[in-house]
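Now for the letters of each chain:
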Amino acid sequence: MSKLFPQSLLVIGSGNMAGAMLRGWFARGLDPASVTIVDPSPRDLPEGVRHLTAIEASISAPEWLLLGIKPQMLPDVVSQVASLDLSETLLVSMLAGIEITALRSAVPHVRAIARIMPNMAIGIGQSVTALFAEALAQPEQEQLEALFAMLGSAEWLTDESQMHLVTALSGSGPAYLFRFIDALGKGAQALGMPADQASRFALAMVRGSAELAYQSPESPAQLAERVASPGGTTRAALNVFDADDALERLVAEAMAAAARRSVELGQ
Ligand SMILES: NC(=O)c1ccc[n+]([C@@H]2O[C@H](COP(=O)([O-])OP(=O)(O)OC[C@H]3O[C@@H](n4cnc5c(N)ncnc54)[C@H](O)[C@@H]3O)[C@@H](O)[C@H]2O)c1
């Protein structure tokens with residue numbers, strides 16, 4: 001790999017996700033002067049970048065174009081990018097559900113297309129990011145992997161349809177976990193614990209347990225068994241989760257809904 005960062009990066013839509021990515025890359029050496037952000041109302045505009053509220057003819061051909069808009073905004077943006085010279089550009093899309101064939105027909109004049117599915121932990125350099133690219137992006141394969149591994153970890157998918165599943169797992173997943181932490185706090189509160197203390201205990205417990213699971217050679221399922229003493233408190237709670245496979249069914253149903261929605265967003 002000859003270089004790490006693209007020489008010029010055009011970002012269309014710099015909200016939560018693209019903003020967090022940029023901050024991570026700036027901290028690791030990306031030159032803000034090489035970045036142009038097009039966004040009518042960007043979040044925490046990074047210092048030193050060029051900011052435009054709409055596509056202008058003055059934008060020169062970017063090496064990379066990062067799409068950070070919501071999937072529903074794609075038709076609006078497509079008409080604007082039609083005027084740009086993208087014949088040498090790699091398009092990197094984080095849009096949930098929108099497949100490469102749809103991106104290719106929306107932006108036919110782009111040289112190559114890659115898709116990514118990061119998650120919100122990208123803001124602290126701990127996203128697991130799925131990558132999928134058309135063959136035309138082969139020259140940038142190593143660079144893509146290095147740039148997203150820098151913000152956590154990155155893994156290629158061999159089949160694009162798996163993007164829907166990754167979106168339902170690790171893309172949306174932080175929200176599931178945040179809800180679970182919230183439910184733990186509320187549960188303790190309902191049993192009589194002060195609300196702020198219950199929230200602190202719930203969050204600290206999840207943080208320690210996630211780190212333990214990450215470091216342990218044992219699977220999460222095995223670790224759960226180690227917490228549960230026979231006839232003890234944990235088993236009493238797990239019995240509630242396990243009755244009719246209630247927890248597994250609920251999670252599987254929620255993830256299936258997310259994956260279905262991802263497919264719908266692409267249609
Ligand atoms: N939020 C997540 O956890 C997450 C995770 C993985 C992937 N994604 C994907 O990332 C994308 C962005 O999500 P987000 O949470 O950062 O959204 P966001 O709403 O925070 O950011 C979208 C940005 O697009 C801008 N925008 C709207 N219309 C525009 C236009 N016409 N031209 C230029 N900019 C425009 C908005 O001002 C906003 O700053 C989505 O496609 C989503 O599917 C999000």
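Details of the structure are given in the entry above.
Presented here is an overview of the structure given in this document. (Residues numbered from 1 in each chain as written. Predicted model: local features only at pLDDT ≥ 70, side-chain atom pairs only at ≥ 80, totals over all residues. Heavy atoms only, no water.)

Next up on the list: the pairing of strand E6 (residues 112-117). Within a regular strand, side chains alternate between the sheet's two faces. In terms of burial, E6 is a largely internal element, six of the six residues being buried. Side chains Ala112, Ala114 and Ile116 of E6 all project onto a buried face; the interleaved residues Ile113, Arg115 and Met117 project onto the opposite face, where all are buried too. Crossover handedness for the path strand E5 (residues 90-93) to helix H3 (residues 100-106) to E6: right-handed. Here E6 runs beside strand E7 (residues 127-133); their pairing, made up of four bridges, is antiparallel. Looking at the pairing, Met117 lines up with Ala130 of E7. (Buried < 20%, exposed > 50% of the residue type's maximum accessible area, 1.4 Å probe, protein only. Helix = DSSP H or I, 4+ residues; strand = E, 2+ residues; numbered from the N terminus. Right-handed = clockwise from strand over helix to strand, strands pointing away. Pairing = 2+ DSSP bridges.)

All right, on to the site of the ligand then. Residues in contact with the ligand amount to 21 residues; listed here are only the nearest, Asn16, Met17, Asp39, Ile69 and Ala96. Between the ligand and Asp39, the relevant distance is 2.6 Å, taken from an oxygen atom to a side-chain nitrogen or oxygen of the residue. Ile69 is positioned with one of its backbone polar atoms (N or O) 2.6 Å from an oxygen atom of the ligand. (Near = heavy atom within 4 Å. Polar contact = N/O pair within 3.5 Å; in protein donor to acceptor, adjacent residues only side chain to side chain.)

A separate point is unusual backbone geometry. The phi angle of most residues is negative, glycine excepted, and most peptide bonds adopt the trans form. One non-glycine residue with positive phi stands out, namely Asp44, at about 45 degrees. Within the secondary structure, Asp44 is located in the loop between strand E2 (35-38) and strand E3 (50-52). Judged by relative accessible area, Asp44 falls into the exposed class, the value being 56%. For Asp245, which is not glycine, the phi torsion reads 50 degrees and is therefore positive. Residue classification places Asp245 among the partly exposed residues on the basis of a relative accessible area of 45%.

Glancing now at a negative patch on the surface. A cluster of acidic residues, Asp242, Asp244, Asp245 and Glu248, forms a negative patch on the protein surface. Counting through the fold element by element, Asp242 comes out in helix H9 (residues 233-242). On the basis of relative accessibility, which here comes to 44%, the residue Asp242 falls in the partly exposed class. (Patch = residues over 30% accessible without salt bridge, like charges linked within 9 Å, V, L, I, M, F, W, Y side chains within 5 Å. Areas by Shrake-Rupley, 256 points an atom, 1.4 Å probe, with all protein chains shown as cover. Salt bridge = Lys/Arg side-chain N within 4 Å of Asp/Glu carboxyl O. Lys, Arg positive; Asp, Glu negative; His and termini not counted. Charge placed at Lys NZ, Arg CZ, Asp CG, Glu CD.)

Burial of E7 is extensive: six of the seven residues sit out of reach of the surface. One ladder, built from five bridges, connects E7 with strand E8 (residues 152-156); its direction is parallel. Of the residues in E8, the one forming a bridge with Thr129 is Ala154. Tracing the backbone out of E7, into helix H4 (residues 141-149) and back to the parallel element E8 gives a crossover that is right-handed.

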